[in-house]
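Observations on the three-dimensional arrangement
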Amino acid sequence: MAHIELGNDAPGIRGLMQYRPETGRVLNELAEVLLRDENSLPRGERELIASYVSTLNQCRFCSASHKAFAAAQLPGGAEFVAHACSDLDTAPISDKLRALLNIAGHVQQIGTAVTEKDVAVAREAGATDIEIHDTVLIAAAFCMYNRYVDGLGTYAPDDPAAYEQMAQVIVSNGYAPRPEPTT
């Protein structure tokens, strides 16, 4: 049970967004831009960054949900994502993704932990400035999301199937689906 009365039974951030839809809309729009909009980093890799930071922050709901979202969009699925989140050094990922996750891990600690060397390593591995920018912003945003979810003591389901169901919805519909343009 959450620390405050939310007036709904939705788990994690979903319950908080239903409680305050005016802030939930903005947070969903940010997630949509960072994790789903057109980008040279595949959606699954951006979800992996979110799940990696959430794992480091020990946020049960965000870690489990974004692991499921990443697994649904990456070859190797849940086992691949779990390996990347638990052991970055031995995970079977590209040097570019490893460098970006390293940057994300530093942001999770404190922004000033990211060094010019970290950025140079990412660039040498093929990361663009926009990918480095978005990695830092995803990591920073998920520190905020994680603290929001855990700071209000929201409910996190124990059943992995609940997260797999959420993944189907997010992968199909996104965080903040945009209306179809009218002609």
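Scroll up for the structure.
Summarised in this report is the structure supplied together with it.

Most peptide bonds adopt trans geometry, and most residues besides glycine take a negative phi value. Positioned with a positive phi, Gln58 is a non-glycine residue whose angle comes to about 60 degrees. A residue is classified by how much of its surface remains accessible, and Gln58, at 67% relative accessible area, is exposed.

Moving on to the pattern of salt bridges. According to the stated counting rule, one finds 6 salt bridges in the structure shown. For Arg25, the salt bridge is made with Glu29, and the minimal N-O distance between the two is 3.5 Å. One end of the pair is Arg25 and the other is Glu29, both in helix H2 (residues 21-35) and 4 residues apart, which spans about a single turn. Of the charged contacts in the structure, one is a salt bridge between Asp129 and Arg123, with a shortest N-O distance of 2.8 Å.

Relative to the elements of secondary structure, Ala78 occurs in helix H5 (residues 77-86). Along the chain, Ala78 and Lys67 lie 11 residues apart, while their C-alpha atoms are 7.0 Å from each other.

It is worth spelling out the side chain of Glu47 at this point. Here Glu47 is to be found in helix H3 (residues 43-56). For Glu47, the side chain forms a polar contact with the side chain of Tyr175, separated by 2.5 Å. Dropping the residues within four chain positions of it, Glu47 is found in contact with Leu35, His66, Phe69, Ala70, Gln73, Ile170 and Tyr175.

The next point concerns the packing of aromatic side chains. The geometry of an aromatic ring pair is captured by two quantities: the separation of the ring centres and the angle between the planes. A full pass over the atoms with the stated rule returns 3 aromatic pairs. Pairing Phe61 with Tyr163 gives two aromatic rings, centres 5.9 Å apart and planes at 55 degrees, and the pair type is tilted. A residue pair is termed long-range when its members are at least 10 positions apart, and Phe61 in helix H4 (residues 60-71) and Tyr163 in helix H9 (residues 160-173) qualify at 102 residues. Side by side, Phe61 and Tyr163 carry an identical accessibility label, which is buried. Ring centres 6.2 Å apart and planes at 65 degrees place the aromatic pair Phe69 and Tyr175 in the edge-to-face group. With Phe69 in helix H4 and Tyr175 in the segment after H9, this residue pair connects regions lying 106 residues apart in the sequence. Each of the two residues, Phe69 as well as Tyr175, counts as buried.

With that out of the way, let us pick up H3. In an α-helix there are 3.6 residues to a turn, and that puts residues three or four apart on one side. Over its 14 residues, H3 runs 20 Å from end to end, which matches the ideal 20 Å to within 8%, given 1.5 Å per residue. Within H3 the residues assigned to the buried category are Gly44, Glu45, Arg46, Glu47, Leu48, Ile49, Ala50, Ser51, Tyr52, Val53 and Ser54. For H3, the elements touching its buried residues are H2, H4, H5, helix H6 (95-109), helix H8 (129-151) and H9. One or two positions beyond H3, positive phi appears at Gln58, with a value near 60 degrees.

Reading the values: rules and limits
Residues numbered from 1 in each chain as written. Predicted model: local features only at pLDDT ≥ 70, side-chain atom pairs only at ≥ 80, totals over all residues. Heavy atoms only, no water. Buried < 20%, exposed > 50% of the residue type's maximum accessible area, 1.4 Å probe, protein only. Salt bridge = Lys/Arg side-chain N within 4 Å of Asp/Glu carboxyl O. Helix = DSSP H or I, 4+ residues; strand = E, 2+ residues; numbered from the N terminus. Polar contact = N/O pair within 3.5 Å; in protein donor to acceptor, adjacent residues only side chain to side chain. Contact = heavy atoms within 4.5 Å. Phe/Tyr/Trp six-rings, centres within 6.5 Å; stacked < 30°, edge-to-face > 60°. Expected span 1.5 Å × (residues − 1).

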